[in-house]
Amino acid sequence: MKVLVRQFYKQLMTQLVSECDESELSRSAIVFSPHQDDETLGCGGTIIRKKKAGADVKIVFMTDGCRSHSHLISENELKSIRSQEAIAATQMLGVKQDDVYFLEFKDGELDKNQDAAIRKVADILCREQPDEIFIPCYEEAPADHVYTNKIITSALQIYGKKVVVYEYPIWFWCHWPWTNLIGSRRQILNFLKSSCVSSLKLLKDFRCSVYIGDVLELKRTALEQHKSQMIQLISDPRWLTLDSLSNGEFLECFFQDREIFRRYIFLEKN
């Protein structure tokens, strides 16, 4: 059943989603990533294709990622590990280290630092003058994803110029039929309900796509640089990886032939 429903959704998405015009790939862009790995998961293939087309691409990491496994190693050590991983991953995507920003707000605390983050993002926008920006979807569940979207859209108000916005999904994929049903009967029913809502939103909102079939292996190699998220750095069953989620089904959602986006134009102030 799950396989059939998934195939049905894929067919619908193929019919409803429009391919990004090749000419747009050369436009300058800033990718805003809540954590170190979201940039590669959500739009890594698009970054690769844009760089191959000669685009100027910057990547901004909003948080320091210090809490993903802080129950097993210190936050300071994890912060250092994840920043080094991010540099390695972005270089695989074709982005130079000088084109990467680390805002270093504490992992999980963007909501407490909105004003400071808005100022920093507005400064970056004014300095770089991008044609496009990439941000996590406006209804992503994790708090840092939600507030990354809110912070960037608030900074755009200050920036006040026309920009094409591409919202990328991450945790939208963590729903049936893309991932397994788990838990009690009540939990499964609630999961199915939220899954139906998420799937409908994917079909309704995400109408733009970029073909990445020819760069999938390079995207996979870039994601592998985020070792703390991909493998157990410590031999301990409590060290969860992206592949741990739904027996790898969640991770495989990011290696489809196309990355999809909610695309809209943020208009300059009158």
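Residues numbered from 1 in each chain as written. Predicted model: local features only at pLDDT ≥ 70, side-chain atom pairs only at ≥ 80, totals over all residues. Heavy atoms only, no water.

Caption draft 1: Focus on the overall build of the protein chain. A tally of regular secondary structure across the protein chain gives nine helices and eight strands. Computed over its C-alpha atoms, the radius of gyration of the protein chain comes to 18 Å, within 12% of the 18 Å expected for a compact globule of 270 residues. By its C-alpha atoms, the protein chain is 50 × 45 × 35 Å across when sized along the principal axes. A total of 270 residues make up the protein chain; the buried ones form 53% of that total. Pairs at least 24 residues apart make up 82% of the contacts formed inside the protein chain by residues separated by at least 6 positions. Counting every atom, the protein chain has about 12,700 Å² of accessible surface; 50% of that belongs to carbon and sulfur. (Helix = DSSP H or I, 4+ residues; strand = E, 2+ residues; numbered from the N terminus. Rg over C-alpha atoms; globule rule 2.2 N^0.38 Å. Buried < 20%, exposed > 50% of the residue type's maximum accessible area, 1.4 Å probe, protein only. Contact = heavy atoms within 4.5 Å. Areas by Shrake-Rupley, 256 points an atom, 1.4 Å probe, with all protein chains shown as cover.)

Caption draft 2: Region of the structure containing the side chain of Gln36. Locating Gln36 in the fold gives a position in the loop between β2 (29-33) and α2 (38-52). In this structure Gln36 comes out as buried when scored by relative accessible area, which is 1%. Engagement of the side chain of Gln36 in a polar contact is seen with the backbone oxygen of Thr63, the distance being 3.2 Å. With sequence-adjacent residues up to four places away left out, Gln36 is seen in contact with Phe61, Thr63, Asp64, Gly65, Arg82, Ala86, Phe102, His226 and Gln229. (Polar contact = N/O pair within 3.5 Å; in protein donor to acceptor, adjacent residues only side chain to side chain.)

Caption draft 3: Structural detail: the pattern of salt bridges. Across all of its chains, the model carries 17 salt bridges by this definition. Taking the shortest distance from any N to any O, the salt bridge between Glu24 and Arg263 comes out at 3.8 Å. Taken together, the positions of Glu24 in the loop between β1 (18-19) and β2 and Arg263 in strand β8 (residues 258-266) put the pair 239 residues apart, joining distant regions of the chain. Where Glu167 meets Arg262, a salt bridge forms, and the shortest distance between an N and an O atom there is 3.1 Å. (Salt bridge = Lys/Arg side-chain N within 4 Å of Asp/Glu carboxyl O.)

Caption draft 4: Main features of unusual backbone geometry. A positive phi is found at Gln129, a non-glycine position, where the angle reads about 50 degrees. Structurally, Gln129 is set in the loop between α4 (114-128) and β5 (132-136). Given the relative accessible area of 35%, Gln129 is considered partly exposed. In this model, Ser246 sits at a positive phi of 55 degrees, which is unusual for a non-glycine residue. Examined against the element boundaries, Ser246 turns out to sit in the loop between α8 (227-230) and α9 (249-252).

Caption draft 5: Seen up close, helix α5 (residues 143-159). An ideal rise of 1.5 Å per residue puts 24 Å on 17 residues; α5 measures up with 24 Å between its terminal C-alpha atoms. Downstream of α5 by one or two residues, Gly160 has phi in the positive range, about 75 degrees. (Expected span 1.5 Å × (residues − 1).)

Caption draft 6: Main features of the sheet that holds strand β4 (residues 100-105). Strand order across the open sheet formed by eight strands is β1-β7-β8-β6-β5-β2-β3-β4, with mixed pairing between neighbours. Of all the strands in the sheet, the pair left with one neighbour each is β1 and β4. Pairing of β2 with β5, which is carried by three bridges, proceeds in the parallel orientation. Residue pairing across strands places Ile30 opposite Ile133, the latter belonging to β5. Along the sheet, α4 contacts β2, β3 (57-63), β4 and β5; its crossing angle with β4, the most-contacted strand, is approximately 170 degrees. (Pairing = 2+ DSSP bridges. Axes fitted to C-alpha atoms, helices over the stretch in contact; angles between N-to-C directions.)

Caption draft 7: Representation of the nonpolar core. In terms of nonpolar packing, the biggest core is built from 49 residues, with Ile47, Phe134, Trp173 and Phe261 touching the most fellow members. Looking at which element gives the most residues to this core, the answer is α2, with four residues. Apart from residues no more than four positions distant in its own chain, Trp173 is found in contact with Met13, Trp178, Thr179, Leu202, Phe250, Cys253, Phe254, Gln256 and Ile260. Core analysis: the next-biggest nonpolar cluster, separate from the first, contains 24 residues, Ile30, Leu103, Ile133 and Leu156 among them. (Core = buried A, V, L, I, M, F, W, Y, C linked by side-chain atoms within 4.5 Å.)

Caption draft 8: Representation of a nonpolar patch on the surface. On the surface, Ile231, Leu233 and Ile234 cluster together into a nonpolar patch covering about 220 Å² of accessible area. Assignment of secondary structure puts Ile234 in the loop between α8 and α9. The class of Ile234 is partly exposed, set by a relative accessible area of 31%. (Patch = residues over 30% accessible without salt bridge, like charges linked within 9 Å, V, L, I, M, F, W, Y side chains within 5 Å.)

Caption draft 9: Looking closely at the environment of Gln256. Structurally, Gln256 is set in the loop between α9 and β8. Taking the C-alpha atoms as reference points, Gln256 and Ile212, separated by 44 residues in sequence, lie 8.0 Å from one another. Those residues in contact with Gln256 that lie beyond four places of it in its chain are Lys10, Trp173, Trp178, Ile212 and Leu216. Separated by 2.8 Å, the side chain of Gln256 and the backbone oxygen of Cys253 make a polar contact.

Caption draft 10: Quick look at the packing of aromatic side chains. As enumerated under the stated definition, the model contains seven aromatic pairs in all. For the pair Phe134 and Tyr166, a centre-to-centre distance of 4.8 Å together with 10 degrees between the ring planes defines the contact as stacked. In this pair, Phe134 sits in strand β5 while Tyr166 sits in strand β6 (residues 163-168), placing the two residues 32 residues apart along the sequence. Across the pair, Tyr166 and Phe134 agree in class, each one buried. Considering the side-chain rings of Phe172 and Phe206, the 5.8 Å spacing of their centres and the 65 degrees angle between planes classify their relative orientation as edge-to-face. On the criterion of sequence distance, the pair formed by Phe172 in the loop between β6 and α6 (185-205) and Phe206 in the loop between α6 and β7 (208-211) is long-range, its members being 34 residues apart. Both residues of the pair, Phe172 and Phe206, belong to the buried class. Taking NZ or CZ as reference, Lys120 lies 5.0 Å from the ring centre of Phe105, over its face. Sitting over the ring of Phe255, Lys219 keeps its end group 5.7 Å from the ring centre. (Phe/Tyr/Trp six-rings, centres within 6.5 Å; stacked < 30°, edge-to-face > 60°. Lys NZ or Arg CZ within 6 Å of the ring centre and 35° of its normal.)

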